[in-house]
Amino acid sequence: KSVQAFSGFAPVSRDFWQHAVVVGRIAEMLREVIRINTSADLYLCGLLHDLGMLVLDEISLDFYPQFVRPPEEMRDMVRAERDYIGVDHGQAGVWFAEGIGLPQPYLDVMRFHHLPDKATNNKVPVALINLANIFAAMKGVCLGQPKVTMQDVVRSFSWTLIEEHHQPFHEVNVPQFANAFSAELDKTWASITGDILL
């Protein structure tokens, strides 16, 4: 018997994979624009960062299909996962990834992509995926309908992590940088999304 993710609910599967690809592409763009080094494959980090959702989907089959039109109390997906399932997709992804032997940078990205202030290792890939995740959600490429604004981007702790590991970034005005990067995303959106947006 074949297993279908998200109970075969195609819109959720489509949104899940579109988000994963776009986060990976945006993270790579951020790395290039900031000119910061990381040994982790950021595209792969983007593809894997929400892997825990597939794990939780096996536990609670009807949970994620609700995010096509989420009720207000489920707009914060991580909180809703904890409330309804008892664990969030970051932790669930780590449990799975440890079992299949994924390297530590990918585990850290899964665990901390919503909590960059908690990261103690692999801070640069965590920060870049966190920011890419927020930018993707702000542009509407995500599961559910979160209320994400430029303020969420600017307030992210990830900028602090980048400054810690990349001296030239200390001179950067984060709100100006975030707005300019967002405008660049708008200009290049077709190449970022390629043929993945249906």
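As shown above, the structure is provided for reference.
Residues numbered from 1 in each chain as written. Predicted model: local features only at pLDDT ≥ 70, side-chain atom pairs only at ≥ 80, totals over all residues. Heavy atoms only, no water.

Caption draft 1: Broad picture of the overall build of the chain. Counting secondary structure elements, the chain contains 11 helices and 0 strands. Taken from N to C terminus, the helices and strands of the chain fall in the order α-α-α-α-α-α-α-α-α-α-α. Taking 198 residues into account, the globule formula puts the C-alpha radius of gyration at 16 Å, and the chain, at 16 Å, falls close to it. Referenced to the eigenvectors of the C-alpha coordinate spread, the extents of the chain come out at roughly 55 × 35 × 30 Å. A burial count over the chain gives 48% of its 198 residues as buried. When contacts within the chain are restricted to residue pairs at least 6 apart in sequence, those whose partners lie at least 24 apart make up 66%. (Helix = DSSP H or I, 4+ residues; strand = E, 2+ residues; numbered from the N terminus. Rg over C-alpha atoms; globule rule 2.2 N^0.38 Å. Buried < 20%, exposed > 50% of the residue type's maximum accessible area, 1.4 Å probe, protein only. Contact = heavy atoms within 4.5 Å.)

Caption draft 2: Examining the side chain of D88 more closely. Along the chain, the position of D88 falls in the loop between α4 (77–84) and α5 (89–100). Among the polar contacts made by the side chain of D88, one reaches the side chain of R82 at a distance of 3.0 Å. Within polar-contact distance, the side chain of D88 engages the backbone nitrogen of Q91 at 3.0 Å. Setting aside residues no more than four positions away along its own chain, D88 makes contact with L56, V78, E81 and R82. (Polar contact = N/O pair within 3.5 Å; in protein donor to acceptor, adjacent residues only side chain to side chain.)

Caption draft 3: Here's a closer look at the layout of surface pockets. Its boundaries defined by the atoms lining it, the largest pocket holds a volume of some 720 Å³. Lining the largest pocket are 29 residues, and of these D76, H114, N133, P146 and V148 lie nearest its centre. If you list the elements that add at least two residues to the lining of the largest pocket, you get α4, α7 (123–138) and α8 (150–155). Looking at the lining of the largest pocket residue by residue, the class counts come to 13 nonpolar, 8 polar and 8 charged. (1 Å grid on protein atoms, 1.4 Å probe; cavity = no way out; pocket = protein on both sides within 12 Å on 5 of 7 lines; lining within 4 Å. Points joined across faces, edges and corners; volume = space filled by probe spheres on them. Nonpolar A, V, L, I, M, F, W, Y, C, P; charged D, E, K, R; others polar.)

Caption draft 4: Representation of the state of the cysteines. This model, assessed by the stated rule, comprises 0 disulfides. Among the cysteines around C45, which has no disulfide bond, C142 carries the closest sulfur, lying 20 Å off. On the accessibility criterion, C142 (11% relative accessible area) is buried. (Disulfide = S-S within 2.5 Å.)

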